[in-house]
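Each chain, letter by letter, is given below.
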Amino acid sequence: RRVVRTTGQTESYVDELAQPLYREWSNRVQTLSTTILASLGQIDLHLTLVGADRGVANAVLDVAVDQLKVKLGSLVYSVDGDTLPEVVGALLVEKRLNVGVAESCTGGLIASRLTDVPGSSSYFQGGVTTYSNGTKVSVLGIEGELLRQHGAVSEPVAKAMAMNARLLLNSDYALGVTGIAGPGGGTQDKPVGTVCLGLAGPDGLLKVRQLSLPGERERVKFQASQNALDLLRRALIRPARP
């Protein structure tokens, strides 16, 4: 049995990409059984093969997993059961880098998930939860005019949170997250579930995303943390600049 974990797309999208492989596998003598399972923030593909020879079965499964990795690309974050925080931590260790976080709507959830991993002190610099506009200004040094012009939930503020957190925490990478988790606080322009992510990194790397996340408060918070961690993962696996 193998489990291929993905994040960043819907169940229907992942299933559609994998369908050609399902058809190919169904024509083999040793038929692979496939199951797709959706959970909050991720889609898992379970591959099972029953055979008399364990070595042959494992070899077939290894090939199938490699085929899925090619087909699904960077959507795949784990093929050995590791969680997203574990995968991010391993990449940081491998590259001898570290990360810090500045959180608003997630309330420290990203820091909590990163530090759930044993040994995370080697790559997690720290985090600040700047929930109010006042602490965004006094702790992170966000300009008040930026908040007045764009609002706390905006791409410019998420960008500034990431950039300032990187300096404050002396980290190689930093994430900034701000949003409206609900149930109140939404507007017509920025409804509940609006989340803005910022990532600052070495060599001027800067990425900003705005998301519209469904669900109640806890679901929005978790999905925001999942998307932030995946944004960092994708930056860590990107090809090095020449």
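Please read these numbers as outputs of a predicted model, since none were measured by experiment.

## A look at the pattern of salt bridges
Summed over the entire model, instances satisfying the criterion amount to five salt bridges. Note that arginine 233 is salt-bridged to aspartate 230, the shortest N-O span being 2.7 Å. Of the two residues, arginine 233 and aspartate 230 are both situated in helix H8 (residues 217–237); the distance of three residues between them amounts to about one turn of the helix. Side by side, arginine 233 and aspartate 230 carry an identical accessibility label, which is buried. Of the charged contacts, one joins aspartate 230 and arginine 234 as a salt bridge, the two residues approaching to 2.9 Å between their closest N and O atoms. Here aspartate 230 pairs with arginine 234, and both are found in helix H8, just four residues apart, close to one helical turn. Residue aspartate 230 is classed as buried on the basis of its relative accessible area, which comes to 6%. Salt bridges sharing common partners tie together Asp230, Arg233 and Arg234.

## Some words on the packing of aromatic side chains
Counting across every chain of the model gives one aromatic pair. Between tyrosine 22 and tryptophan 25 the ring centres are 6.2 Å apart and the planes differ by 50°, which places this aromatic pair in the tilted class. One end of the pair, tyrosine 22, and the other, tryptophan 25, are both in helix H1 (residues 11–26), three residues apart, so they sit about a helical turn from each other. In terms of burial, tyrosine 22 and tryptophan 25 fall into one category: buried.

## Observations regarding the sheet that holds strand S8 (residues 194–200)
Two orientations exist for strands paired in a sheet by backbone hydrogen bonds: parallel and antiparallel. The strand order across the open sheet built from five strands is S6-S5-S7-S8-S9, with neighbouring strands paired in mixed fashion. The open sheet has two free edges, formed respectively by strand S6 (124–129) and strand S9 (206–212), since each of these has just one partner strand. Across the sheet, the mean angle from the axis of one strand to that of its neighbour is 10°, orientation sign disregarded. For strand S7 (residues 173–179) and S8, the ladder comprises six bridges, and the chain directions are antiparallel. In the strand pairing of S8, glycine 176 is matched with glycine 198. Sheet strands touched by helix H7 (residues 155–169): strand S5 (99–103), S6, S7, S8 and S9. Its angle to S7, the strand with the most contacts, is close to 145°.

## Re helix H2 (residues 54–72)
For H2, which comprises 19 residues, the first-to-last C-alpha distance of 26 Å matches the rise-based estimate of 27 Å (1.5 Å per residue) to within 8%. Those residues of H2 that fall on the buried side of the exposure criterion are Ala57, Val60, Leu61, Ala64, Val65, Leu68 and Leu72. Seen along its axis, H2 keeps its buried residues to an arc of 140°; they face one direction. At its buried positions, H2 is contacted by strand S1 (2–6), H1, strand S3 (42–48) and strand S4 (76–78).

## Quick look at the environment of leucine 21
Along the chain, the position of leucine 21 falls in helix H1. The class of leucine 21 is buried, set by a relative accessible area of 6%. In this structure leucine 21 touches Gln67, Leu68 and Lys71, once residues within four positions along its chain are discounted.

## Description of the sheet that holds S3
Taken together, four strands build an open sheet; the order of strands is S2-S3-S1-S4 and the sheet is antiparallel. Whereas interior strands pair on both sides, the edge strands pair on one side only; in this sheet they are strand S2 (33–39) and S4. Between one strand axis and the next, the sheet turns by 30° as a mean value, whatever way the strands run. Bridging between S1 and S4 involves two bridges; their strand directions are antiparallel. Bridge pairing in S4 links arginine 5 to serine 78.

## A closer look at the side chain of glutamine 226
Position of glutamine 226 relative to the elements: it lies in helix H8. Polar side-chain contacts of glutamine 226 include one of 3.2 Å to the backbone oxygen of glycine 41.

## Thoughts on the state of the cysteines
The tally for this structure, following the rule as stated, stands at zero disulfides. Cysteine cysteine 105 remains unbridged, with the sulfur of cysteine 196 as its closest cysteine sulfur at 8.9 Å. Looking at cysteine 105, the relative accessible area reads 4%, which means it is buried. Residue cysteine 196 is classed as buried on the basis of its relative accessible area, which comes to 0%.

About the cut-offs
- Residues numbered from 1 in each chain as written.
- Predicted model: local features only at pLDDT ≥ 70, side-chain atom pairs only at ≥ 80, totals over all residues.
- Heavy atoms only, no water.
- Salt bridge = Lys/Arg side-chain N within 4 Å of Asp/Glu carboxyl O.
- Helix = DSSP H or I, 4+ residues; strand = E, 2+ residues; numbered from the N terminus.
- Buried < 20%, exposed > 50% of the residue type's maximum accessible area, 1.4 Å probe, protein only.
- Phe/Tyr/Trp six-rings, centres within 6.5 Å; stacked < 30°, edge-to-face > 60°.
- Pairing = 2+ DSSP bridges.
- Axes fitted to C-alpha atoms, helices over the stretch in contact; angles between N-to-C directions.
- Contact = heavy atoms within 4.5 Å.
- Expected span 1.5 Å × (residues − 1).
- Arc of directions from axis to C-beta.
- Polar contact = N/O pair within 3.5 Å; in protein donor to acceptor, adjacent residues only side chain to side chain.
- Disulfide = S-S within 2.5 Å.

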